[in-house]
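Understanding the architecture of this molecule
The primary structure of each chain is shown beneath.
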Amino acid sequence: MLTIGQLAAYAGVTTRAVRHYHQIGLLPEPERDASGYRRYGAKAVVALIKIRTLANAGVPLSQIGQMLEADASTFAEAVRRIDSHLRDEIERLETSRRQVAQLAAGDSLALPPEVVFYLDRLREIGVSERMVEAERDGWILVVARWPDRVREFMPGKLAQLDDPQLVRLYEVLSELVESDEGDDDPRLREAADIMAAMAEQAYAAGEINLGEMAHDDLSFDLLDALAVESDPRAQRMLDLMRERGWAGWTRLERLAEPPDS
């Protein structure tokens, strides 16, 4: 006959666990003997080992009592349900592990490889890390809204990096985001001049056509708002672009005919 401590040690649990199983009715608590002690026999050891095994397998304590009393077929069905639940839980945890692993992956956290490659190319041409981070956040919005269109965008975006005007634009913007100058920074005007010139060229070539995407006001409003929230001077850029006949930031709209040459 065993004391509660001996019972717990034999079954590989704590005495606190044994007392808890008593309280919830999983394990019968024996009466005290003439010496005032509770003594446990072999059946209590077997029952406790079964309880421990089921609990370690993830079976809720509320179900263990029913399983201990079930016949073979009922027990097997309960095990099947538990196994199915555990498989689902394992899949969920594996997904969580992959997401956690991505947290250390920087740009690839919420972006496909094509966009990550583009961001790396920006770094290669000398774009500042703060500017790359701003681009990355913009692409997160784009990918979330148009996940199936990203592959269409990227060849053109990569080709634009061979344009000296765009390289200069990124150079100016990189200098701007790293500076503390206000709205009177002359580089704002230079950036607006470059953007307006590139917009005029694209307009003349018939390249400013976003198709059905152009009607997605919310997405483009968010992209413009992101720029302003990242750097309040972006609002000044929007104003400067309007002075040059263009509205918007990521969805350029012509406000007037280009000036006569």
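Sequence positions are assigned chain by chain, starting from 1 and proceeding in written order. Where totals are concerned, whole chains, interfaces and linings use all residues; where local detail is concerned, this predicted model gives features only for residues with pLDDT of at least 70, and gives and counts side-chain atom pairs only at 80 or more. Excluding hydrogens and water, the side-chain figures rest on all heavy atoms present in the structure.

**Some remarks on the pattern of salt bridges**
The term salt bridge refers to a pairing of a side-chain nitrogen on Lys or Arg with a carboxyl oxygen on Asp or Glu at a separation within 4 Å. Considering all chains together, one arrives at 21 salt bridges under this definition. R187 serves as the salt-bridge partner of D185, at 2.9 Å between the closest nitrogen and oxygen. Each residue gets one of three labels from its accessible area relative to the maximum for its type: buried under 20%, exposed over 50%, partly exposed in between, using a 1.4 Å probe on protein chains only. On the basis of relative accessibility, which here comes to 3%, the residue D185 falls in the buried class. A cluster of three or more residues bridged by salt bridges with shared partners is formed by D193, R236, E243 and R244.

**Observations concerning the nonpolar core**
Residues belong to a common nonpolar core when they are buried Ala, Val, Leu, Ile, Met, Phe, Trp, Tyr or Cys residues joined through side-chain atoms within 4.5 Å. Judged by nonpolar contacts, the single largest core of 37 residues is most densely connected at V115, Y118, L119, L122, W139 and Y170. Strands are runs of DSSP state E lasting at least 2 residues, helices are runs of H or I lasting at least 4, and numbering of each runs from the N terminus. Elements with a contribution of two residues or more to this core: helix 6 (113-124), helix 7 (129-145), helix 8 (150-160), helix 9 (164-177), helix 10 (186-204), helix 11 (217-230) and helix 12 (233-243). Residue contributions to this core peak at eight residues, all from helix 10. Throughout, a contact is declared for two residues whenever any of their heavy atoms are within 4.5 Å. With near-sequence residues (within four places) excluded, V115 lies in contact with W139, V143, V150 and M154. Judged by nonpolar contacts, the second largest core, of 20 residues, contains A11, V13, I51 and L54.

**Description of the side chain of R254**
Relative to the helices and strands, R254 resides in strand 2 (residues 253-254). Side-chain atoms alone can form a polar contact between residues adjacent in sequence; in general such a contact is a pair of N or O atoms within 3.5 Å, and within protein one must be able to donate a hydrogen while the other accepts it. Within the structure, R254 has its side chain in polar contact with the side chain of E200 (distance 2.7 Å). If we skip the residues at most four places from it in the chain, R254 touches E200, Y203, G245 and W246.

**Quick notes on the packing of helix 7 against helix 8**
Think of each axis as a best-fit line through the C-alpha atoms, taken over the contacting stretch in the case of a helix, with angles from 0 to 180 degrees between the N-to-C directions. At a minimum axis separation of 10 Å, helix 7 and helix 8 run at an interaxial angle of 140°. If you check the angle between helix 7 and helix 8, you find them oblique. Two secondary-structure elements touch here, helix 7 through W139, V142 and V143 and helix 8 through V150, F153, M154 and K157. Under the scheme applied, nonpolar residues are Ala, Val, Leu, Ile, Met, Phe, Trp, Tyr, Cys and Pro; charged residues are Asp, Glu, Lys and Arg; polar residues are all the others, including Gly. When the residues that make up the contact of helix 7 with helix 8 are grouped by side-chain class, the tally is six nonpolar, no polar and one charged. For this classification, under 35 degrees means roughly parallel, over 145 means roughly antiparallel, 65 to 115 means roughly perpendicular, and everything else is oblique.

**Focus: the environment of L166**
With respect to the element layout, L166 can be found in helix 9. Note on L166: relative accessible area 7%, which makes it buried. When the C-alpha atoms of L166 and H20 are compared, they prove to be 70 Å apart, with 146 residues separating the residues in sequence. In contact with L166, other than residues within four places in its own chain, are Q160, L161 and M198.

**Here we look at the packing of helix 1 (residues 4-11) against helix 2 (residues 15-23)**
Across the interface, helix 1 lies against helix 2 with an axial gap of 8 Å and an inter-helix angle of 105°. By the angle between their directions, the pair helix 1 and helix 2 is classed as roughly perpendicular. Mapping the contact onto sequence places I4, G5, L7 and A8 in helix 1 and T15, V18 and R19 in helix 2.

**Looking at helix 1**
Of all the residues in helix 1, the buried ones are L7, A8 and A11. Taken around the axis of helix 1, the buried residues stretch over an arc of 95°, which confines them to a single face. Projecting away from the buried face of helix 1 at angles above 90 degrees are the exposed residues A9 and Y10. Lining the buried residues of helix 1 we find helix 2 and helix 3 (42-56). Following helix 1 by one or two positions, G12 adopts a phi angle in the positive range, close to 80°. This arc is taken over the directions from the axis of the helix to the C-beta atoms.

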